[in-house]
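Examination of the molecular architecture
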Amino acid sequence: MEGDIEGFFDHIAFPWLEQHIPMPQRLLSTWLRSGFWDRGTLYPTTAGVPQGGILSPVISNMVLDGLEDVVHGGHWHRRVHQINYVRWADDFIVTANSREVLEHTVLPAVNAFLAARGVRLSPHKTIMPPRAQGCDFLGQTVRKHGRPNGKPAKLQITPSKASVQAITAKIKALCRRAAGATPAQLIDTLHPLLRGWANYHRHSICSATFAHLDSFVWRRLYRWAKLRHPNKTGRWITERYFPHQPGTSWRFTDPTTGQQLLRIQAAVKPQRHIKVKREANPFDPHWETDFQERDRLVALKTTSALRAKLLQQQTGRCPICRQIIQGEEPVELHHRDGVHQNNRRENLVLLHPNCHRQVHYAPDSTTTMPRPSRGVGHA
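Quick summary incoming for the structure in this document. Predicted model only: the values in this text are computed from it and were never measured.

**Quick notes on the packing of aromatic side chains**
Summed over the entire model, instances satisfying the criterion amount to 12 aromatic pairs. The interplanar angle of 75° and the centroid separation of 5.3 Å between the aromatic rings of Phe 8 and Phe 9 together place this pair among those described as edge-to-face. Each member of the pair, Phe 8 as well as Phe 9, is classed as buried. Between Trp 218 and Tyr 222, the ring centres sit 5.5 Å apart and the planes meet at 10°, which makes this aromatic pair stacked. Pair noted here: Trp 218 and Tyr 222 are both in helix α10 (residues 207-228), with a separation of four residues, about one helical turn. Owing to a relative accessible area of 28%, Trp 218 belongs among the partly exposed residues under this scheme. Relative accessible area serves as the criterion here: at 24%, Tyr 222 is assigned to the partly exposed category. Positioned above the aromatic ring of Phe 113 is the side chain of Arg 117, whose terminal nitrogen or guanidinium carbon lies 3.6 Å from the ring centre.

**Regarding the sheet that holds strand β8 (residues 154-159)**
If you walk across this open sheet you meet the three strands as β6-β7-β8, and the pairing is antiparallel. Edge strands, defined here as strands with exactly one partner in the open sheet, are β6 (135-137) and β8. Ignoring strand direction, the axes of neighbouring strands in this sheet form an average angle of 30°. Pairing between strand β7 (residues 140-145) and β8: six bridges, direction antiparallel. Pairing of Gln 140 across the sheet is with Pro 159, part of β8.

**Some words on the nonpolar core**
Core analysis: the largest hydrophobic core is formed by 31 residues, its most contacted members being Leu 17, Phe 92, Val 94 and Val 106. Counting only elements with at least two residues in this core, the list comes to α1 (8-11), α2 (14-20), α3 (25-32), α4 (56-64), α5 (67-72), β5 (91-95) and α7 (99-115). With six residues, the top contributor of residues to this core is α7. With near-sequence residues (within four places) excluded, Val 106 lies in contact with Met 1, Val 71, Ile 83, Val 94 and Val 101. Formed by 30 residues, the second largest nonpolar core is a distinct cluster that contains Leu 174, Leu 186, Leu 221 and Leu 262.

**Re the sheet that holds β5**
Taken in spatial order, the three strands make up an open sheet running β1-β5-β4, and their pairing is antiparallel. The two strands at the open ends of the sheet, each matched to only one other strand, are β1 (2-4) and β4 (84-88). Across the sheet, the axes of successive neighbouring strands diverge by a mean angle of 20°, strand direction being ignored. As defined by bridge partners, β1 adjoins β5 across three bridges and the pair is classed as antiparallel. What sits directly across from Asp 4, in β5, is Asp 91.

**Brief notes about a nonpolar patch on the surface**
A cluster of nonpolar residues, Trp 88, Leu 138 and Tyr 200, forms a patch on the protein surface that exposes about 350 Å² of accessible area. Mapped onto the elements, Tyr 200 comes out in helix α9 (residues 183-201).

**Section: the environment of Lys 309**
Structurally, the position occupied by Lys 309 is in helix α14 (residues 305-313). Along the sequence, Lys 309 and Thr 105 sit 204 residues apart, while their C-alpha atoms lie 50 Å from each other.

About the thresholds
Residues numbered from 1 in each chain as written. Predicted model: local features only at pLDDT ≥ 70, side-chain atom pairs only at ≥ 80, totals over all residues. Heavy atoms only, no water. Phe/Tyr/Trp six-rings, centres within 6.5 Å; stacked < 30°, edge-to-face > 60°. Buried < 20%, exposed > 50% of the residue type's maximum accessible area, 1.4 Å probe, protein only. Helix = DSSP H or I, 4+ residues; strand = E, 2+ residues; numbered from the N terminus. Lys NZ or Arg CZ within 6 Å of the ring centre and 35° of its normal. Pairing = 2+ DSSP bridges. Axes fitted to C-alpha atoms, helices over the stretch in contact; angles between N-to-C directions. Core = buried A, V, L, I, M, F, W, Y, C linked by side-chain atoms within 4.5 Å. Contact = heavy atoms within 4.5 Å. Patch = residues over 30% accessible without salt bridge, like charges linked within 9 Å, V, L, I, M, F, W, Y side chains within 5 Å. Areas by Shrake-Rupley, 256 points an atom, 1.4 Å probe, with all protein chains shown as cover. Salt bridge = Lys/Arg side-chain N within 4 Å of Asp/Glu carboxyl O.

This is the structure in structure tokens:
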């Protein structure tokens, strides 16, 4: 069941908020009923919270807190009917092993839970497709494909068709508007768009989609160059805007500065998301060790092969300060014996820049770097 709450931010009931939000009631009531100005006219507010406001995300999450327990209906009920629940803001999906459970048990419980808060599910956007058909959730298609020979179905999450169509339409529009722009300006326009979209979808099955998008971008940029130089041949355009060596890919390049447009298939590597435990709280010291371990695993997955091997030997920590090395954190390569030509893995160690300076310029103030033992990274 893909649930969508109809006008969620606009219809939250004030009485429920005033009774259940843990803050001074007088202050909350004044803020809720303060109204809003539009073109010099003051309009009253009788329900809902401003979407995009500072407090709205916190209030919306507190309004929907407890929906997960209502959907599950107890440990036994959840286990027998294989009920799972995922929510992001006011959108959520619920899976079960039969449509009857969703229609006759889960849906009435959700409607009763939302009615007390003054909102309801949208009858047109709330659907119950079979898992083999799947559904789109937050720009990604969640589908469970069947397999032959009685094997259990396999869950696959891929970028949705609508999301791909939206990004390609935006790239097409940007290339059209950049008809008179320089190649460097076009690259600066497309870079954040491509990288942001790819980073959002990199946790799904996205390799084929990234390759398709790279091909689409190449065709649009070749068309942009052809319209810019209508009297030039294709060979002249490729030599000017797509210089490459034999065996390398054709990348759009600014002929003046040499700046190149990224290929998302090479720049953004797919990686599986490491889940956060339901009860984990990053502000609770009790969970500090769990989050450090998760940061270590993320760093191992997001780095290059050499960096991952070295981090594995160091158990993900800097040997000097003993702090976790984050995935995107800058590090420097240190040679234990001081011989920079000796690049054996046993002679290399990754250090924070400040720790590296301490080793070279203040050796007396640092402790001796412990050499990691074999197999520590696999413990």
